[in-house]
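Summary of the model geometry
Okay, here's what each chain looks like letter by letter:
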Amino acid sequence: MKTLREIHHWLIDMDGVLYHGNRRLPGAAEWIAALQEERVPFMLVTNNSTLTPEEYVAKVGQMGIHVTPQHVLTSGIAAADYLSRVAPAGAAVHFIGENGLRTALLDRGFTLVDRGGDYVVVGMNRQLTFEMLKWAALAIRAGAKFIGTNPDVTLPVEEGQIPGNGAILKALEAATGVSPFIIGKPETTLLEIALERLGLGREGAAMLGDRVETDVLGGQRLGIATVLVLSGASSREDLARSGLQPDWVFDDLSSLLQAWRTR
């Protein structure tokens, strides 16, 4: 891909791209408004499974970014979608996560259990306890399939980088010797489901994110264009060390929007 003009639909990360915590990042509202004004299809695809689409809509709405729940796909929803394809209806699921993941699993008819279960699904949980880790580890050791919503070891917030879901997964992996099946970036399941929901293919698609090791790598694994903004987790030094090369790199969405408007 040679020019931004060749991108016809966008998969857009949220944390570190549109905002840090509850602080909107430069150009975020203007970028989303420009896509809507020109009727460019897009999906907000986040590895963060803590909120429901409706909660994300309310969150970004308070920042002046106006979207609908149909614009939002979380790793929690994608995990529930994936599980609905491979697991029996009503299967017993032990989960670690917050309201977004819980709601997604319940919406698809799974039975949530505190102990045991045929599947262990793990998403970000900011109220994590040792008891949660204990029962998840025991279920995995007993043969439950281990699924992680995303492997992000950190999460960008106003104060800096805090432990993310990947840190929880690593604790369980160390305790069980079992590696999780990952739904979110850099694996492609989340992105594939996003394109399905848009009703569009890989041709003309781009992944826009702030993490080299998830957003850029995930987009490249899927075979679509990649755009990195340096407003979140990854710096130019991180990019240089990664050995990966996105199609475009911008300081933030303001810089991307300026280039896109003159494409």
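Residues numbered from 1 in each chain as written. Predicted model: local features only at pLDDT ≥ 70, side-chain atom pairs only at ≥ 80, totals over all residues. Heavy atoms only, no water.

We now examine the packing of helix α3 (residues 75–86) against helix α7 (residues 189–198). Close contact between α3 and α7 brings their axes to 10 Å; oriented N to C, the two are set at 90 degrees. If you check the angle between α3 and α7, you find them roughly perpendicular. Across from Ser-75, Ile-77, Ala-78, Asp-81, Tyr-82 and Arg-85 in α3, the residues of α7 making contact are Thr-189, Leu-190, Ile-193, Glu-196 and Arg-197. Split by residue class, the contact of α3 with α7 holds five nonpolar, two polar and four charged. (Axes fitted to C-alpha atoms, helices over the stretch in contact; angles between N-to-C directions. Helix = DSSP H or I, 4+ residues; strand = E, 2+ residues; numbered from the N terminus. Parallel < 35°, antiparallel > 145°, perpendicular 65-115°, else oblique. Contact = heavy atoms within 4.5 Å. Nonpolar A, V, L, I, M, F, W, Y, C, P; charged D, E, K, R; others polar.)

With that settled, the discussion passes to the packing of aromatic side chains. One pass over the structure, following the stated rule, counts three aromatic pairs. Taking the centre distance of 5.0 Å and the plane angle of 85 degrees together, the rings of Trp-10 and Trp-31 count as edge-to-face. A residue pair is termed long-range when its members are at least 10 positions apart, and Trp-10 in strand β1 (residues 9–12) and Trp-31 in helix α1 (residues 28–37) qualify at 21 residues. Trp-10 gets classed as buried once you look at its relative accessible area, which sits at 0%. Ring centres of Tyr-82 and Phe-181 lie 4.8 Å apart, and the angle between their planes is 20 degrees; this geometry places the pair in the stacked category. Of this pair, Tyr-82 sits in helix α3 while Phe-181 is found in strand β12 (residues 181–182), placing the two residues 99 residues apart along the sequence. (Phe/Tyr/Trp six-rings, centres within 6.5 Å; stacked < 30°, edge-to-face > 60°. Buried < 20%, exposed > 50% of the residue type's maximum accessible area, 1.4 Å probe, protein only.)

With that out of the way, let us pick up the sheet that holds β12. Read from one edge to the other, the open sheet built from five strands follows the order β7-β6-β8-β9-β12, with strand pairing classed as parallel. Of all strands in the sheet, those bounded by a partner on one side alone are β7 (111–112) and β12. Bridge analysis of strand β9 (residues 145–148) against β12 gives two bridges, and the strand direction is parallel. Across the sheet, Ile-147 pairs through a bridge with Phe-181, a residue of β12. Each of β6 (92–96), β8 (119–122), β9 and β12 touches α3; the most contacted strand, β8, lies at about 165 degrees to it. With respect to the sheet, helix α5 (residues 130–141) is in contact with β6, β8 and β9, its orientation differing from that of β6 by roughly 140 degrees. (Pairing = 2+ DSSP bridges.)

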